[in-house]
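# Tertiary structure, described
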Amino acid sequence: MFDPATGEMIGTAPRGGKAEIDAAVAAAKAAFPAWSETPAPKRGEILFRAAQIMEGRKEELSRLVTREMGKVKVEARGDVQEAIDMAYYIAGEGRRLFGNTTPSELPNKICFTLREPIGVCGLIAPWNFPIAIPSWKSLPALICGNTVVFKPSEETGGCVTAYVECLLEAGVPAGVVNIVNGTGEEAGDALVKHPDVPVLSMTGSTETGRIVSKNAADMLKHVHVELGGKNGIIVMDDADLDFAVQAILWSAYGTSGQRCTAGSRIIVHEAVHDALLEKLATAAAAQVVGHGWDDAVQVGPVVRPAALEKIESYVKIGQEEDGARLVTGGARPDMPAELAGGWYFQPTVFADVTPDMRIAQEEIFGPV
């Protein structure tokens, strides 16, 4: 693992594969009967304690998020707060796992439904929300009595480990939550194809989502995939342009544009197009780029060198597409010596982009 702000190696993790996935699934399967038979309100009490533990460790966890994937301080704290909020919310669901009763059409019969856990859930977590998304995936599974096997991103294994440590400290029994670090091609693929994992949840690229869905289809697994996006922000002629610019800056350049919900296309009414473009270009150029834990910084690094190269390649595509115009940014910024090894890119704005252009259709996953 590497600090994207400096390029320095900050840790290592085991490279698990099929054997490690098999062992983790076996542990989760063995822990399932006792955990699923634990009353749901009691499971909720454990998750409530986990929320309190994460609250007490919030600053430590936030620093870890910034260190492993580069988020600026306010976003790193928000990432952890989402996990805290989710744990409190899901803890309450332990007393709300209601079933239904239905009038019977037959005499002397009663019809009702109740909820039962499914089994081992395979969770493939991304690096861009390294504590929030693991909480979204795991806590609902746990409150319902399921057990979990995590395959974290290679970039943020430390964040997932710290999150799971909070669950264990709160009282989640051994074997209920398991982590296997490794690549998607090895550990991820083995988890998707494992016959004892009936539920899969994966967040990542659209290409990976297609592979996961295909590989799970033969076994009719329950599959949830959260994939890429190319989101548009619409600015009408009666908009408050200064407010619109602030919203665009947060959406487009928050997390350095590395999220599926990032605003990457701005669709502007012709009456305010030129005024908005001028304001946006000026504001984007003024964004402070640097280490995420610096209070003055608004845009942190991108996660890895390959991400930086991908962003650069798309800027080149945009410059070569007929009609698109680079207004600001489009390059790596000059950084001070202590950050010269980090992976930074300037907040970038293109104008005169038409819907058929690649930069208007394909997810760049950067501050463009």
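Everything below is about the structure printed above this text.
Residues numbered from 1 in each chain as written. Predicted model: local features only at pLDDT ≥ 70, side-chain atom pairs only at ≥ 80, totals over all residues. Heavy atoms only, no water.

### Here's the deal with the overall build of the protein chain
Put simply, the rule is: Elements are defined by DSSP. Helices are runs of H or I of four residues or more, strands are runs of E of two residues or more, and each kind is numbered from the N terminus. What makes two residues a contact is simply this: any of their non-hydrogen atoms within 4.5 Å. Accessible areas in this description were obtained via Shrake-Rupley with a 1.4 Å probe; residue shielding takes into account the shown protein chains only. Under this rule, positive means Lys or Arg and negative means Asp or Glu; His and the chain ends count for nothing. Where a charge lies is defined by one atom per residue type: Lys uses NZ, Arg uses CZ, Asp uses CG and Glu uses CD.
Assigned secondary structure in the protein chain consists of 12 helices and 11 strands. Taken over the C-alpha atoms alone, the protein chain extends approximately 70 × 55 × 40 Å along its principal axes. Long-range contacts, defined as pairs at least 24 residues apart, comprise 76% of the intrachain contacts of the protein chain with a sequence gap of at least 6. Element-wise, carbon and sulfur atoms account for 54% of the exposed surface of the protein chain, whose accessible area totals about 17400 Å². Across the protein chain, the mean location of the 33 positive side-chain charges is 7 Å away from that of the 48 negative side-chain charges.

### Concerning the environment of Ser 104
Put simply, the rule is: When accessible area is computed with a 1.4 Å probe and restricted to protein chains, residues below 20% of their type maximum are described as buried, those above 50% as exposed, and intermediate ones as partly exposed. Contacts described as polar in this section are N or O atom pairs within 3.5 Å, which, within protein, must combine one atom able to donate a hydrogen with one able to accept it, while residues neighboring in sequence count only if both atoms come from side chains.
With respect to the helices, strands and loops of the structure, Ser 104 is situated in the loop between strand S1 (100–102) and strand S2 (111–113). Ser 104 gets classed as partly exposed once you look at its relative accessible area, which sits at 26%. Residues Ser 104 and Leu 249, spaced 145 residues apart in sequence, show a C-alpha to C-alpha distance of 57 Å. At 3.0 Å, the side chain of Ser 104 forms a polar contact with the backbone nitrogen of Leu 106.

### A short note on the nonpolar core
Inclusion rule: As used in this record, nonpolar core signifies buried Ala, Val, Leu, Ile, Met, Phe, Trp, Tyr and Cys residues forming a set joined through side-chain atoms within 4.5 Å.
Among the nonpolar cores identified, the biggest contains 58 residues, and Leu 139, Leu 142, Leu 167 and Val 177 are the most heavily contacted of them. What Leu 142 contacts, discounting residues up to four positions off in sequence, is Trp 35, Arg 43, Leu 47, Val 148, Leu 167, Val 176 and Val 177. In terms of nonpolar packing, the next biggest core, distinct from the first, is built from 21 residues, Ala 5, Leu 241, Leu 276 and Val 299 among them.

### Points about the sheet that holds strand S3 (residues 120–124)
Spelled out, the test is: Strand pairing follows a simple DSSP-based rule, namely that at least 2 bridges must link the two strands. Lines fitted to the C-alpha atoms define the axes, with helices restricted to the stretch that makes contact. Angles between their N-to-C directions range from 0 to 180 degrees.
Strand order across the open sheet formed by 5 strands is S5-S4-S3-S6-S7, with parallel pairing between neighbours. This sheet does not close on itself; its edge strands, each paired only once, are strand S5 (177–179) and strand S7 (222–226). Each neighbouring strand pair of the sheet contributes to a mean axis angle of 15 degrees, computed without reference to strand direction. Strand direction decides the pairing type here: S3 and strand S6 (residues 199–203), joined by 4 bridges, are parallel. When the bridges of S6 are listed, Cys 121 appears paired with Val 199. On the sheet, helix H1 (residues 18–37) packs against S3, strand S4 (147–151) and S5 and is oriented at approximately 155 degrees with respect to S4.

### Here we look at the pattern of salt bridges
Keep this limit in mind: Definition used for salt bridges: Asp or Glu carboxyl oxygen within 4 Å of a side-chain nitrogen of Lys or Arg.
The tally for this structure, following the rule as stated, stands at 19 salt bridges. With a closest N to O distance of 3.5 Å, Glu 154 and Lys 151 form a salt bridge. What makes Glu 154 partly exposed here is its relative accessible area of 41%. Relative accessible area serves as the criterion here: at 4%, Lys 151 is assigned to the buried category. Among the charged side chains, a network of salt bridges with common partners joins Lys 42, Glu 45 and Arg 95.

### A short note on the packing of H1 against helix H7 (residues 184–193)
For any two helices packed against each other, the geometry comes down to the angle between their axes and how far apart the axes lie. Convention followed: For this classification, under 35 degrees means roughly parallel, over 145 means roughly antiparallel, 65 to 115 means roughly perpendicular, and everything else is oblique. Crossing handedness follows the turn of the near helix against the far one: under a right angle anticlockwise gives a left-handed crossing, and clockwise gives a right-handed one. Ten residues, namely Ala, Val, Leu, Ile, Met, Phe, Trp, Tyr, Cys and Pro, are considered nonpolar, four, namely Asp, Glu, Lys and Arg, are considered charged, and the remaining ones, Gly among them, are considered polar.
One way to put it is that H1 packs onto H7 with a least axis distance of 8 Å and a crossing angle of 40 degrees. Taken together, the axes of H1 and H7 lie oblique to each other. For the crossing formed where H1 meets H7, the hand is right-handed. Across the interface between the two elements, Lys 18, Ile 21 and Val 25 from H1 touch Ala 187, Ala 190 and Leu 191 from H7. When the residues that make up the contact of H1 with H7 are grouped by side-chain class, the tally is 5 nonpolar, no polar and 1 charged.

### Focus on the state of the cysteines
The cut-off we apply is this: Working definition: a disulfide is two cysteine sulfur atoms within 2.5 Å of each other.
Scanning the entire structure with this criterion turns up 0 disulfides. The structure places no disulfide on Cys 121, whose sulfur is separated from the nearest cysteine sulfur, that of Cys 144, by 8.8 Å. Residue Cys 260 stays outside any disulfide, its sulfur separated by 18 Å from that of Cys 159, the closest cysteine.

### Some thoughts on the environment of Ile 124
The residue Ile 124 is located in strand S3 in this model. Assessed through its relative accessible area of 12%, Ile 124 is described here as buried. Along the backbone, Ile 124 and Lys 137 are 13 residues apart, and their C-alpha atoms lie at a distance of 8.9 Å. Ignoring any residue separated from it by four or fewer positions in sequence, one finds Ile 124 in contact with Lys 137, Lys 151, Gly 188, Leu 191, Val 192, Ser 201, Met 202 and Thr 203.

Note that every value here comes from positions in space, so none of it alone points to a role or purpose.
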